[in-house]
Amino acid sequence: MTSTAPAGGTPFPGPSTGSSSGLPTAAATAVGLAKTYGRGPAAVHALRGVDVSFSRGAFTAIMGPSGSGKSTLLHLLAGLDTATAGRVLLGDTDLTSLSDTQLTLLRRQRLGFVFQQFNLLPVLTAEQNITLPLELGGTTVDREWMGDLVDVLGLRERLTHRPAELSGGQQQRVAIARALITKPELVLADEPTGNLDSRSGAEVLEFLRRSVRELGRTVVMVTHDAVAASYADRVVLLADGALAGEVTDPTPEAVTSALDALRTSLPVAGVTTGSIPVVRASSGPLGGPNSGSAGGNGR
Ligand SMILES: Nc1ncnc2c1ncn2[C@@H]1O[C@H](COP(=O)(O)OP(=O)(O)OP(=O)(O)O)[C@@H](O)[C@H]1O
């Protein structure tokens, strides 16, 4: 067991108490964020100065063509890679100012991760997998929170099962519970439905959305799937390492047409800010999760 206290006993600067809730409104912020891989003629500019913030208590999807910088942005938000320029803030904490040890502890204490591969430990039961981050942090299980998670995620009957005895969708729900068990300020999800059939994928997306609406979490998810993105409150679009627009209250149709416009460099319906097309999606009768249909749709 390790202690939850950061190395050297110095606590992380926590979020500021400037707002009425005692927390900054942005769960995470990128400021002029740039990442270049390699040097000279071989340099790849994966991010070219991105300014974006992710509101606390919201579900945001990041979309864009292949190679547009989505994973790079997610990794920098997670403190898993270092920026070439710019800053990443988790609440008010500047990740770019932290040591590797501090980053490791920050990830354990303040972030949750959900991956395409569920990354569960096969020898542990579902319950042991869920509580593993607490074991690693030397923290006791908040049984009430555990119960809430297990109920919301429909896992109560599955807690003694090992991953091999669970369906893909159930395994991903265990992974979501594991990501949420520490009550992280921010949950980062990288293609969480990429390995699931459409029904299990819809369930997982619905749970991610409920974790935001009912459990007060903040989720940022990278996805290639317009229907998956339509479960979010907002879609941030990247193209060629730069912010290329956003869709609020997204429907699958609005997301698809925004992506099509990006790929063909056509102007997008909506308001244009500089070179960035900003699309305001209708929450009208388009049938996506954000148009008010219950329980999510197929993918
Ligand atoms: N470790 C690396 N070394 C060199 N180039 C990299 C590295 N990681 C990413 N890149 C390049 O940076 C650019 C952005 O990559 P990134 O993986 O962030 O894009 P993405 O939008 O997530 O792509 P995809 O949708 O295909 O997963 C790409 O051109 C990619 O080839």
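Note that the structure is predicted; figures quoted are calculated from it, not measured.

1. As for the overall build of the chain
Counting secondary structure elements, the chain contains eight helices and twelve strands. Burial status across the chain gives 51% buried among its 299 residues. Nonlocal contacts in the chain, meaning residues at least 24 apart in sequence, comprise 70% of its contacts between residues at least 6 apart. If you sum the accessible surface of the chain, you get close to 13100 Å²; carbon and sulfur atoms cover 53% of it.

2. Re the site of the ligand
Around the ligand sit Tyr37, Val44, Ala46, Pro65, Ser66, Gly67, Ser68, Gly69, Lys70, Ser71, Thr72 and His224, and that is every residue in its neighbourhood. Measuring from an oxygen atom of the ligand, one finds a side-chain N or O atom of Lys70 at 2.7 Å. Within the side chain of Thr72, one N or O atom sits 2.6 Å away from an oxygen atom of the ligand. Here the ligand, which alone exposes 640 Å², has 59% of that area covered by the protein. Counting residues per element, the ones that place at least two in the shell around the ligand are strand 2 (44-55) and helix 1 (70-77). Examining the composition of the shell around the ligand, we find that three residues originate from one element, helix 1, more than from any other.

3. Here's the deal with unusual backbone geometry
Located in the positive-phi region is Asn119, a residue other than glycine, with phi close to 60 degrees. Phi is positive for Asp249, close to 45 degrees, though the residue is something other than glycine. With respect to the helices, strands and loops of the structure, Asp249 is situated in the loop between strand 10 (242-248) and helix 8 (252-264).

4. A short note on the confidence of the model for the chain
Looking at the chain as a whole, its pLDDT mean stands at 83, while 80% of the residues score no less than 70. Low pLDDT, under 50, characterises residues 1-19; the predicted model gives this stretch 38 contacts beyond four residues in sequence or across chains. The low-confidence segment residues 291-299 (pLDDT under 50) makes 27 contacts with residues lying over four places distant or belonging to another chain.

5. A closer look at the nonpolar core
Counting residues in each nonpolar core, the largest one holds 52 residues, and the members touching the most others are Phe59, Ile130, Met221, Val235 and Leu237. The contacts of Ile130, once residues within four sequence positions are left out, are Met146, Leu155, Leu159, Val174, Ala177, Arg178 and Ile181. Counting 27 residues, the second largest nonpolar core, distinct from the first, contains Ile62, Leu77, Leu95 and Val220.

6. Topic: the pairing of strand 4 (residues 85-90)
Strand direction decides the pairing type here: strand 1 (residues 26-37) and strand 4, joined by five bridges, are antiparallel. Residue pairing in the sheet places Thr29 in a bridge with Leu89 of strand 4. Hairpin connection of strand 4 to strand 5 (residues 93-94): two residues between the antiparallel strands, including Gly91 at a positive phi of 60 degrees.

7. Here's the deal with the pattern of salt bridges
Considering all chains together, one arrives at 14 salt bridges under this definition. Taking the shortest distance from any N to any O, the salt bridge between Lys35 and Asp81 comes out at 3.3 Å. Within this pair, whereas Lys35 is found in strand 1, its partner Asp81 is found in the loop between helix 1 and strand 4, the two being separated by 46 residues in sequence. Owing to a relative accessible area of 28%, Asp81 belongs among the partly exposed residues under this scheme. The partner of Asp260 in a salt bridge is Arg263, with the nearest N and O atoms 3.8 Å apart. Remark: Arg263 and Asp260 occur in helix 8; sequence separation between them is three residues, near one turn of the helix. In this structure, a network of salt bridges that share partners links the residues Arg173, Arg199 and Glu203.

8. Overview of the sheet that holds strand 5
One open sheet accounts for four strands, arranged 2-1-4-5; its pairing is antiparallel. Each edge of the open sheet is held by one strand with a lone partner, namely strand 2 and strand 5. Relative to strand 1, helix 1 is tilted by about 120 degrees, and along the sheet it contacts strand 1, strand 2 and strand 4.

Cut-off values and rules
Residues numbered from 1 in each chain as written. Predicted model: local features only at pLDDT ≥ 70, side-chain atom pairs only at ≥ 80, totals over all residues. Heavy atoms only, no water. Helix = DSSP H or I, 4+ residues; strand = E, 2+ residues; numbered from the N terminus. Buried < 20%, exposed > 50% of the residue type's maximum accessible area, 1.4 Å probe, protein only. Contact = heavy atoms within 4.5 Å. Areas by Shrake-Rupley, 256 points an atom, 1.4 Å probe, with all protein chains shown as cover. Near = heavy atom within 4 Å. Polar contact = N/O pair within 3.5 Å; in protein donor to acceptor, adjacent residues only side chain to side chain. pLDDT = per-residue confidence, 0-100. Core = buried A, V, L, I, M, F, W, Y, C linked by side-chain atoms within 4.5 Å. Pairing = 2+ DSSP bridges. Salt bridge = Lys/Arg side-chain N within 4 Å of Asp/Glu carboxyl O. Axes fitted to C-alpha atoms, helices over the stretch in contact; angles between N-to-C directions.

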